[in-house]
Amino acid sequence: MVMTAPQRSAQHRALGKQPTSRKPEEQGDPGTPRELFEALPPTLRLRAEIIDGNLIVSPSGIPQHGRIAMRLAFALFPLLEKHDWESFVGNVDVCIEGPRDTVVPDYCLAPVDAPLWGERELLSPGLIMAAEVVSAESMEMDRATKPRIYAGGGIPIMLIVDPVASPPTVTILSDPEDGAYRSMNPFQLGKPVRLPSPVDFDLDTSIFL
């Protein structure tokens, strides 16, 4: 389900500032996707994202989708204590620097002191890696839209686990520049792959099968 609102105002708050709090009687109805997003209750059980200025609300993924994201989290767990990093599995909002769109990666890796937008969103340039698990309903979003958004937001590495491709693949994207990743390396799912710096990790993708 997609809900749209009028184009955002050109007057954006500077990144890093806390959003201005107003009393409910002063707020009125939300007029932009960002205002509507911020008005959503944090306990909302659906995934809410702002993609290219549109507020997109989608249901949770199927069990296989969540299983793959969790297996990625378990595989990379040794890196957390080693580097003082933390990871999130589909449960954190990321504010994309520039357009201030909001995305929810299936998995993301960040330093424990990663910069925030307000209190509920990580800022995209502070992330180390983001990953998406492709489903039949998200093919265009995960294969084309999210790479463009993540590269434009300065996320160094994106991992796409694509069990619905034929044959199933895992793709490593890195070196973002001018809104695109300069390096894109697909591999057949099930083979070991090397995640580049700053992750520097050999990932056995057979865990996703």
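For the structure itself, consult the block above.
This structure is a prediction, so every number in the text was calculated from the model and none was measured.

**Q** I keep staring at the sheet that holds strand 8 (residues 116-117) and nothing clicks. Help me out?
**A** Paired through backbone hydrogen bonds, the strands of a sheet run either parallel or antiparallel to each other. Spatially, the four strands line up as an open sheet ordered 6-5-9-8, and their pairing is mixed. What marks the edges here is a single partner per strand, and that holds for strand 6 (102-103) and strand 8. Here strand 8 runs beside strand 9 (residues 121-123); their pairing, made up of two bridges, is antiparallel. In the strand pairing of strand 9, Leu116 is matched with Leu122.

**Q** Whenever I open this one, helix 3 (residues 63-83) confuses me. Can you help?
**A** Each full turn of the α-helix corresponds to 3.6 residues, which orients residues three or four apart in the same direction. When the terminal C-alpha atoms of helix 3 are compared, their 30 Å separation across 21 residues agrees well with the 30 Å that a helix rising 1.5 Å per residue should span. At Leu76, helix 3 shows its maximal kink, close to 45°; a proline, Pro78, follows between one and four residues later. Taken as a whole, helix 3 has its buried residues at His65, Ile68, Ala69, Leu72, Ala73, Leu76, Leu79 and Leu80. Just downstream of helix 3 lies Asp84, where phi reads positive at about 60°.

**Q** Just checking my understanding: could you explain unusual backbone geometry for this structure?
**A** Trans peptide bonds make up most of the peptide bonds, and negative phi angles are found at most residues other than glycine. Of note, the bond from Ser166 into Pro167 is cis; its omega dihedral lies within 30 degrees of zero at 0°. By the secondary structure assignment, Pro167 is in the loop between strand 11 (157-162) and strand 12 (169-177). One non-glycine residue, Asp84, adopts positive backbone phi at about 60°. As for its position among the elements, Asp84 is in the loop between helix 3 and strand 4 (85-88). Residue classification places Asp84 among the partly exposed positions, given a relative accessible area of 49%. Positive phi is not limited to glycine here, since Arg100 has a value of about 60°. With a relative accessible area of 7%, Arg100 lands in the buried category.

**Q** I'm lost on the sheet that holds strand 11 in this one. Help?
**A** Taken together, the six strands give an open sheet; going across it, the order is 4-7-10-11-12-13, and neighbouring strands pair in mixed fashion. If you trace the sheet from one side to the other, it starts and ends with strand 4 and strand 13 (180-188), each paired once. Each strand axis lies, on average, 15° off the axis of its neighbour in the sheet, ignoring direction. Both strand 11 and strand 12 contribute to a ladder of six bridges, which runs antiparallel. When the sheet's bridge partners are listed, Ile157 is paired in strand 12 with Ser174. Relative to the sheet, helix 4 (residues 139-152) contacts strand 10 (129-133), strand 11, strand 12 and strand 13, its axis offset from that of strand 11 by approximately 170°.

Calculation rules
Residues numbered from 1 in each chain as written. Predicted model: local features only at pLDDT ≥ 70, side-chain atom pairs only at ≥ 80, totals over all residues. Heavy atoms only, no water. Pairing = 2+ DSSP bridges. Helix = DSSP H or I, 4+ residues; strand = E, 2+ residues; numbered from the N terminus. Expected span 1.5 Å × (residues − 1). Bend = angle between axes of the 7 residues up to and from the residue. Buried < 20%, exposed > 50% of the residue type's maximum accessible area, 1.4 Å probe, protein only. Axes fitted to C-alpha atoms, helices over the stretch in contact; angles between N-to-C directions. Contact = heavy atoms within 4.5 Å.

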